[in-house]
Amino acid sequence: MAVVAWVVGILFFFPVLWMVLTAFKQESDAYTSPPKLFFAPTLEQFKEVFASGVGPSLLNSLFATVVSTLLVLLLAIPAAFALSLRPVAKTRDVLFFFISTKMLPVVAAIVPIYVVVNEIHMVDNIWTLVVLYTALNLPIAIWMMRSFFLEVPGALLEAASIDGASVPRTMREVVLPVVSPGIAATALICVIFAWNEFFIAVNLTAARAGTVPVFLVGFITSEGLYFAKLCAAAVLAALPVVIAGWVAQNKLVQGLSFGAVK
């Protein structure tokens with residue numbers, strides 16, 4: 001079983017490995033048939049990616065991702081707390097309403113969204129992406145955080161209540177430290193979704209607010225596909241999320257397994 005797991009893991013990772021290898025090739029080496037496994041590595045493609053102006057796109061993606069994730073956590077944590085440890089009437093209906101907003105395909109909503117954004121003169125504005133990414137990730141964040149809050153032992157809440165702690169103080173000083181791995185996992189999921197989002201960004205941005213996924217499309221031209229440059233740009237685009245996942249890996253594993261073992 002271990003051997004099978006390694007083989008499956010390598011098969012899944014191979015496209016990523018091939019992308020990284022291609023990023024260090026010349027364009028002529030990227031199109032050879034059969035593909036070259038041994039070649040003289042070069043940084044030329046990365047230099048051309050930086051020369052083509054990837055900086056503003058990286059900053060736009062970073063700003064939209066970080067700000068929208070912070071807003072999602074700011075809204076999702078108290079909402080999930082109210083729906084789990086302090087449930088309200090019609091809790092199931094509220095939860096279904098949240099998740100039902102994810103059932104509508106984005107392609108079906110892009111036209112009315114564009115009309116509204118155009119009417120308020122917010123096309124090609126980074127704050128438009130912040131608001132939309134917050135709205136897109138909020139339902140998932142509420143459901144995830146609620147599942148983490150449900151695993152908090154009721155004895156902690158009772159002890160805090162006996163000690164005279166108010167609900168905000170209980171959540172801030174008792175509950176949040178317990179569910180911090182869940183917060184990290186939720187934040188990372190929101191970061192990945194916001195950083196990788198393409199469809200909304202390509203339809204609502206142009207020169208000023210374009211993000212990294214929109215920048216990558218620029219290497220697909222009528223003259224052909226600049227495969228090595230596209231792979232180099234994709235490697236640069238993937239690095240921030242990979243680094244974030246590596247830094248938060250302990251919290252991520254704890255959050256995804258939170259409550260699995262009593």
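Residue indices begin from 1 for each chain and proceed along its sequence in written order. A pLDDT threshold of at least 70 governs which residues receive local features in this predicted model, and a stricter bar of 80 or more applies before side-chain atom pairs are shown or counted, although totals over entire chains, interfaces and linings include all residues. Hydrogens and water molecules were not included; the side-chain quantities draw on all heavy atoms of the structure.

1. Considering the environment of Tyr226
Starting at the N terminus, helices and strands are each numbered in turn, a helix being any DSSP run of H or I of at least four residues and a strand any DSSP run of E of at least two. In this structure, Tyr226 sits in the loop between strand E2 (224-225) and helix H13 (227-247). When the C-alpha positions of Tyr226 and Val191 are compared, they lie 28 Å apart, and in sequence the two are 35 residues distant. Contacts are assigned to residue pairs with any non-hydrogen atoms lying within 4.5 Å of each other. When residues no more than four places from it in sequence are discounted, the contact partners of Tyr226 are Glu27, Tyr31, Phe219 and Thr221.

2. Some thoughts on the packing of helix H9 (residues 167-178) against helix H10 (residues 180-196)
To get an axis, a line is fitted to the C-alpha atoms, and for a helix only the part in contact is used. The angle between two axes follows their N-to-C directions and goes from 0 to 180 degrees. Contact geometry of H9 with H10 gives a least axis separation of 4 Å together with a crossing angle of 65°. Taken together, H9 and H10 sit at an angle that is classed as roughly perpendicular. Taking contact as the criterion, the partners of Leu176, Pro177 and Val178 in H9 are, on H10, Ser180, Pro181 and Ile183. Three categories are distinguished: nonpolar for Ala, Val, Leu, Ile, Met, Phe, Trp, Tyr, Cys and Pro, charged for Asp, Glu, Lys and Arg, and polar for the others, with Gly belonging to the last. Of the residues belonging to the contact of H9 with H10, the class tally is five nonpolar, one polar and no charged. Should an angle lie under 35 degrees it is considered roughly parallel, over 145 roughly antiparallel, and from 65 to 115 roughly perpendicular; all remaining angles are considered oblique.

3. Topic: the side chain of Thr128
Within the secondary structure, Thr128 is located in helix H7 (residues 126-149). The residues contacting Thr128, other than those within four sequence positions of it, are Val117, Met122 and Leu204.

4. Looking at H9
A rise of 1.5 Å per residue sets the reference length of H9, with its twelve residues, at 16 Å; its end C-alpha atoms lie 15 Å apart and thus fit the reference within 8%. The set of residues buried in H9 consists of Thr170, Met171 and Val175. Axial view of H9: buried residues confined to an arc of 90°, hence all on one face. Here the buried face of H9 lies against helix H4 (54-84), H7 and helix H8 (154-162). Under the convention used throughout, the expected extent of a helix is 1.5 Å for every residue step, that is, one less than its residue count. With a 1.4 Å probe rolled over the protein chains alone, any residue whose accessible area is under 20% of its type maximum counts as buried; one over 50% counts as exposed, and the rest are partly exposed. Comment: arc refers to directions from the helix axis out to C-beta atoms.

5. Some remarks on the pattern of salt bridges
Side-chain pairing between opposite charges can occur once the charged atoms of the two side chains come close. Salt bridges are defined by distance alone: a side-chain nitrogen of Lys or Arg within 4 Å of a carboxyl oxygen of Asp or Glu. Tallying each qualifying case throughout the model produces five salt bridges. Between Glu48 and Lys229 there is a salt bridge, with the nearest N and O atoms lying 3.1 Å from each other. One end of the pair, Glu48, is in helix H3 (residues 44-51); the other, Lys229, is in helix H13, and 181 residues separate them in sequence. Take Glu48: its relative accessible area is 29%, and that puts it in the partly exposed class. Residues Arg208 and Asp124 are paired through a salt bridge, measuring 3.6 Å at the closest nitrogen-oxygen approach. Linking Arg208 in the loop between helix H11 (199-204) and helix H12 (212-217) with Asp124 in the loop between helix H6 (106-119) and H7, this pair joins segments that are 84 residues apart in sequence.

That's the geometry; what it means functionally is another story.
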